[in-house]
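# Commentary on secondary and tertiary structure
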Amino acid sequence: MIDTVELSIMVVGCFLSMCMFSTLYGKSSPLYSLAEESYIGFATGLSIVMNLMYIYNTGFVGIMGGDWVLIFGFILGVMALFRVYTKYSYVSRLPIAISLGAQLGLALRTQIYSGFIDQIKATILPLLSGDAKAIVYNWTIFLCVILMLSFFFYTIEQKGSIGVSAKIGEYLMYASFGAIFAQTFMGRLSLLVGTIQNFTVPPWKKPILIACMAIVLAALIALDKLNLLEKLTPEE
Amino acid sequence: MMSVLKHFAEYDRRIVYLALFLVVTIMLMTPIGLPISVSPSTMQYYDVLEALGPDDRILAVLNTEFSGYMEIQSGIIASIRVMVEKEAKICIAVAHPEATGIPELVLSAIKSTMDEHQYTYGEDYVVLGYVFPNEASVASAAQDWHGAIHNDFYGNSIEGTFLDEINDWSDWTLISDYTTGIQTTALINHFGLRGAPMIVNGIGVEISILAPYLDTGIYKALLQSMRGGAELEYLTGHPGPGMTAMDAFTIGHYLMILLIVIGNIGYFGYTRNAGRNVE
């Protein structure tokens, strides 16, 4: 038995998604604007509620539990809101500076290791020990790093052996960019597949998907024939 | 001939989107059951999950918006199902407001497995909701868990749950990150870097960013996008959204390869020749 709430969510979600795809029609569409602005509205509303809940659960509950230092967080939060009041907007600089400084301090302390030192360490590998697969893998990393780094030797004229090395490094980078593009495409296709799959599994959803596609397409054609597509689309 | 090549070189890009949309929709509506193979990285991920036991405590972080969930839902559901089968204790945390509804979807998808293993809320699993909005929140949870997190998603105190045994990062057996990249760096920096074992299920565009952390040893395993999720479903013997999407996924890739070939024929046959003629 299909739950009424689930059915409503499915119908609204499917219709708005198909409205989003109306951009493929090639003209400005009020249906696209409807879906876009609905999404922004829903997402903003949800974000506000969830963030207020976070403040309550982390801040209020903490203070009530005796963690008085959290009061400073509230004071700084209120000070940050002064940004919207031009006359006293300078008050907001202090909490912004503190939060930026804290974030930067937290990130810098650790990012140097995870994003830099550890990455360099991971390229220092045993080249002669281990099984054949590991040796090939380690040599590949070692050679690729050396060849690609040589491409960035800007203080030396790139000719002779350095030039050859830089050229090979350049092509290796093209190959890795190709792999990254392929992964990006895989990701985008997965998003599309996941979105459409949401409207095809379980099978009772399929007729709703087809109906929404037909309704949106019919609406687009009708609005286009009546020259209403541009007129009804809100300006940016 | 030249007009065909010109068409290949200059066709409207919306044709690509429309063709992909139609291919994906048709394949999802009428799947044909193409075979899939399991990659070594998924095997590695599966081995980490297989090694879990009833004494293990897992922090599963949904580092995703709702759109990203569509891509990695198969990996999330399959991973948490294995954790339940291993009877590990699971804490689900969220790093994006949009993801607060996802734990309910995941838990309802594996309800039969949870019932089979008599999973009890509080004792075996806890849903925290949106607790990681920024790096500072992740850092404080890693350092002083109960100082940073007081309530679960439903507004109840986490005291009296299995989270009483958690004091800091070192009390977690595994950090399982499902990510579009929101607080992943923070988790790496404040949990992984300190030594908490981490595994990750990332969306396609994140894989090239996440993969180097496998070599550094911070990640024990990486599950790649929807494809990895489908492979994990295959390994665990529970077909789900990943496997049912693989036909559309595979044919979508074939279509893209075809379009790239057509575009290249157009480029070398028309655009480049036209350029040469002008010169």
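Here the structure is a predicted model, which is why all the values come from computation and not from measurement. (Residues numbered from 1 in each chain as written. Chains lettered and ligands numbered in written order. Predicted model: local features only at pLDDT ≥ 70, side-chain atom pairs only at ≥ 80, totals over all residues.)

Attention now moves to the overall build of chain B. Secondary structure assignment for chain B yields 13 helices and 6 strands. The principal-axis extent of the C-alpha atoms belonging to chain B is close to 75 × 40 × 35 Å. When the 279 residues of chain B are sorted by exposure, 50% land in the buried category. Within chain B, contacts between residues at least 6 apart in sequence are counted, and of these 74% link residues at least 24 apart. (Helix = DSSP H or I, 4+ residues; strand = E, 2+ residues; numbered from the N terminus. Buried ≥ 20, exposed ≤ 12 C-beta atoms within 10 Å, placed from the backbone. Contact = placed C-beta atoms within 7 Å.)

Our next topic: the overall build of chain A. Within chain A, the regular secondary structure consists of 8 helices and 0 strands. Relative to its length of 236 residues, chain A is extended, with a C-alpha radius of gyration of 28 Å against a globular reference of 18 Å. If you line up chain A on its principal axes, its C-alpha atoms span 70 × 55 × 45 Å. When contacts within chain A are restricted to residue pairs at least 6 apart in sequence, long-range pairs at least 24 apart make up 34% of them. (Rg over C-alpha atoms; globule rule 2.2 N^0.38 Å.)

An ideal rise of 1.5 Å per residue puts 24 Å on 17 residues; helix 2 (residues 13-29) of chain B measures up with 25 Å between its terminal C-alpha atoms. Buried residues of helix 2 of chain B: L20, V24, T25, M27 and L28 of chain B, and no others. (Expected span 1.5 Å × (residues − 1).)

Taken together, the contact between chain B and chain A spans 48 residues of the former and 47 residues of the latter. Contributions of two or more residues to the side of chain B that touches chain A are made by helix 2, helix 4 (66-85), helix 7 (135-143), helix 9 (184-192), helix 10 (207-210), helix 11 (212-215), helix 12 (225-236) and helix 13 (241-278) of chain B. A breakdown of the residues in the side of chain B that touches chain A according to their chemical character gives 26 nonpolar, 16 polar and 6 charged. (Nonpolar A, V, L, I, M, F, W, Y, C, P; charged D, E, K, R; others polar.)

Here we come to the sheet that holds strand 3 (residues 125-130) of chain B. Strand pairing within a sheet occurs via backbone hydrogen bonds; the two strands may be parallel or antiparallel. All names here are of chain B. Reading across the sheet, the 6 strands line up as 3-2-1-4-5-6 and stay open at both edges, with parallel pairing between neighbours. Of all strands in the sheet, those with a lone pairing partner are strand 3 and strand 6 (219-224), marking the two edges. Within this sheet the neighbouring strands show an average axis-to-axis angle of 15°, counted without direction. Relative to strand 3, strand 2 (residues 89-94) runs parallel, the two being bridged by 5 bridges. Its bridge partner lying in strand 3, C91 is registered against V126. The strands touched by helix 3 (residues 40-50) are strand 5 (198-202) and strand 6; relative to strand 6, the strand with the most contacts, the crossing angle is about 125°. (Pairing = 2+ DSSP bridges. Axes fitted to C-alpha atoms, helices over the stretch in contact; angles between N-to-C directions.)

A few words now on the domain arrangement of chain B. For chain B, the assigned domains read domain 1 (2-30 + 246-278) and domain 2 (40-239). A separation of 39 Å is found between the C-alpha centroids of domain 1 of chain B and domain 2 of chain B. (Domains from an automatic or database assignment.)

This part takes up the pairing of strand 4 (residues 174-179) of chain B. Residue and element names in this part refer to chain B. Of all 6 residues in strand 4, 6 are buried; the element is thus mostly enclosed. Burial of the side chains of strand 4 extends over both faces: L174, S176 and Y178 are buried on one face and I175, D177 and T179 on the other. Two elements, strand 1 (residues 57-63) and strand 4, share 6 bridges in a ladder whose sense is parallel. Note on strand 4: the bridge partner recorded for N63 is T179. Bridge analysis of strand 4 against strand 5 gives 5 bridges, and the strand direction is parallel. Looking at the pairing, D177 lines up with V200 of strand 5.

Once that is clear, we can look at the packing of helix 3 of chain B against helix 12 of chain B. Residue and element names in this part refer to chain B. Across the interface, helix 3 lies against helix 12 with an axial gap of 10 Å and an inter-helix angle of 55°. Judged by the angle between their axes, helix 3 and helix 12 are oblique. Seen along the crossing, helix 3 lies across helix 12 with a hand that is right-handed. Taken together, the residues of helix 12 that come into contact with helix 3 (itself represented by T42, Y45 and Y46) are G228, E231, L232 and L235. Residue classes in the contact of helix 3 with helix 12 are distributed as 4 nonpolar, 2 polar and 1 charged. (Parallel < 35°, antiparallel > 145°, perpendicular 65-115°, else oblique. Left-handed = near helix turned anticlockwise from the far one by under 90°.)

Residue and element names in this part refer to chain B. In this structure, I203 sits in the loop between strand 5 and helix 10. Take I203: there are 31 C-beta atoms within 10 Å of it, and that puts it in the buried class. On a C-alpha basis, the gap between I203 and I251 in space is 19 Å, while along the polypeptide they are 48 residues apart.

Turning our attention to unusual backbone geometry. Residue and element names in this part refer to chain A. With an omega of -5°, the peptide bond running from V201 to P202 counts as cis. Relative to the elements of secondary structure, P202 occurs in the loop between helix 6 (160-197) and helix 7 (206-225). Backbone geometry at N227 places phi at a positive 55°, although glycine is not the residue there. Along the chain, N227 falls in the loop between helix 7 and helix 8 (229-232).

Next up on the list: the environment of S37 of chain B. Residues and elements named next belong to chain B. With respect to the element layout, S37 can be found in the loop between helix 2 and helix 3. By C-beta crowding, S37 is classed as exposed, having 7 other C-beta atoms within 10 Å. On a C-alpha basis, the gap between S37 and Y234 in space is 9.0 Å, while along the polypeptide they are 197 residues apart.

Residue and element names in this part refer to chain B. Where helix 4 contacts helix 5 (residues 102-109), the two axes come as close as 10 Å, and the packing angle between them is 50°. In terms of axis orientation, helix 4 runs oblique to helix 5. Relative to helix 5, helix 4 is oriented so that their crossing is right-handed. Of helix 5, the residues touching helix 4 (which contributes Y69, I76, I77 and I80) are I102, V106 and A109.

As a further point, take the pairing of strand 6 of chain B. Residues and elements named next belong to chain B. Summarising burial for strand 6: 5 of the 6 residues are buried, a large majority. As defined by bridge partners, strand 5 adjoins strand 6 across 5 bridges and the pair is classed as parallel. By the bridge assignment, I199 is partnered in strand 6 with A221.

Once that is clear, we can look at the confidence of the model for chain B. For any part of a model where pLDDT is low, the fine detail of the predicted coordinates should not be relied upon. Taken as a whole, chain B shows an average pLDDT of 92; of its residues, 98% reach a score of 70 or greater. For this predicted complex, the interface confidence comes out at an ipTM of 0.84, alongside a pTM of 0.89. (pLDDT = per-residue confidence, 0-100.)

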